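Chain and residue survey
Now for the letters of each chain:
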Protein chains: 2
Amino acid sequence: MGIQARNPAESGDTGADESADVAPLLTEIDHVAIAVHDLGAAIDYYRETFGAVVDHREVVESDGVEEALLKVAESYIQLLTPTRDDSPVAKYLERKGEGLHHVGYRVSDCGAALDAVKAQGGKVIDEQPRPGSRGTTVAFVHPKGAFGTLIELVQE
Amino acid sequence: MGIQARNPAESGDTGADESADVAPLLTEIDHVAIAVHDLGAAIDYYRETFGAVVDHREVVESDGVEEALLKVAESYIQLLTPTRDDSPVAKYLERKGEGLHHVGYRVSDCGAALDAVKAQGGKVIDEQPRPGSRGTTVAFVHPKGAFGTLIELVQE
């Protein structure tokens, strides 16, 4: 069966769905991240096929990636390629090949959103918000406990 | 003709990337689709953790899936679960487990976007646009030829 890290027992509350009324935390799909071997070729594909062009490009040394952001309305397609062999994205490409890597949701307060994940018994990768690309503040939520999806919380 | 329509293909530009000037076809990230085993549990997770609630729910018999759409700004989180064992999503879950399945990009003309993919040598799953959920017109682009990403073109 699937990964279901919901653990109501840890919430300290008695109602089964008392948290159904939490305020919406996700204000936008910030980006879909796609891991690729050849960043230039992927950029060419999106430009030549869909007319989607690079809005921002950045090497994020701490994550060992180079990314290109292609703007689509208020969201981005984030093309990602590793800059070194021990980068998590390098390992991902080796294990799973090219494709969808994670989804970034925009939030107004990354710390508060991360706390909400922890409060619901979710497993996090970043215990605290940290700097992301383009001046954002980010935190990753572990796919175990999030139905197999690596989630990034992005505060602009 | 005296009409000042801009047609990059006829602009006389001999540069190798004359198609860099194609008009933007993607108007929105329509949805990120996440394959899950237990739709109800996944819906609970997004509601209880992020306050994201179901905007639309539908069984799509032709695809053998039940989907729940959670609205985030102008986009959706699409939670997907198979309704029968021979559904492509059932096979995906068996092979890869839960997680990101595809990305849907909104386009104003699904047929034109599909033609653009074909014109660039892309491999398509749907040769022609077909009905999708919530009254949309859709077509899938094969991940082979799209850097490992299953892409859905969605016309509302």
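What you see is a predicted model; the values in this text were computed from it and never measured. (Residues numbered from 1 in each chain as written. Chains lettered and ligands numbered in written order. Predicted model: local features only at pLDDT ≥ 70, side-chain atom pairs only at ≥ 80, totals over all residues. Heavy atoms only, no water.)

Here we take up the relation of the copies chain B and chain A. Its rotation angle being 180°, the transformation that places chain B on chain A also includes 0.0 Å of axial translation and leaves an RMSD of 0.0 Å. The operation mapping one copy onto its partner corresponds to a two-fold rotation axis. Considering only C-alpha atoms, the part of chain B nearest the rotation axis is B:Leu100, at 3.3 Å. Most of the interface of chain B is mirrored in chain A, where 96% of its interface residues are also at the interface. (Least-squares fit on C-alpha atoms with pLDDT ≥ 70 in both. Contact = heavy atoms within 4.5 Å.)

Taken together, the side chains of A:Arg95, A:Lys96, B:Arg95 and B:Lys96 make up a positively charged region of the molecular surface. Secondary-structure elements contributing two or more residues to the positive patch are helix 2 (88–96) of chain A together with helix 2 (88–96) of chain B. What makes B:Arg95 exposed here is its relative accessible area of 60%. (Patch = residues over 30% accessible without salt bridge, like charges linked within 9 Å, V, L, I, M, F, W, Y side chains within 5 Å. Areas by Shrake-Rupley, 256 points an atom, 1.4 Å probe, with all protein chains shown as cover. Salt bridge = Lys/Arg side-chain N within 4 Å of Asp/Glu carboxyl O. Lys, Arg positive; Asp, Glu negative; His and termini not counted. Charge placed at Lys NZ, Arg CZ, Asp CG, Glu CD. Helix = DSSP H or I, 4+ residues; strand = E, 2+ residues; numbered from the N terminus. Buried < 20%, exposed > 50% of the residue type's maximum accessible area, 1.4 Å probe, protein only.)

Let us now look at unusual backbone geometry. All names here are of chain B. Phi is positive for Arg 134, which is not a glycine, with a value near 45°. Its place among the elements puts Arg 134 in the loop between strand 6 (130–131) and strand 7 (137–141). For Arg 134, a relative accessible area of 22% puts it in the partly exposed group. Of note, Phe 147 is a non-glycine position whose phi angle comes to about 55°, a positive value. Tracing the sequence through the fold places Phe 147 in the loop between strand 7 and strand 8 (151–155). The class of Phe 147 is buried, set by a relative accessible area of 16%.

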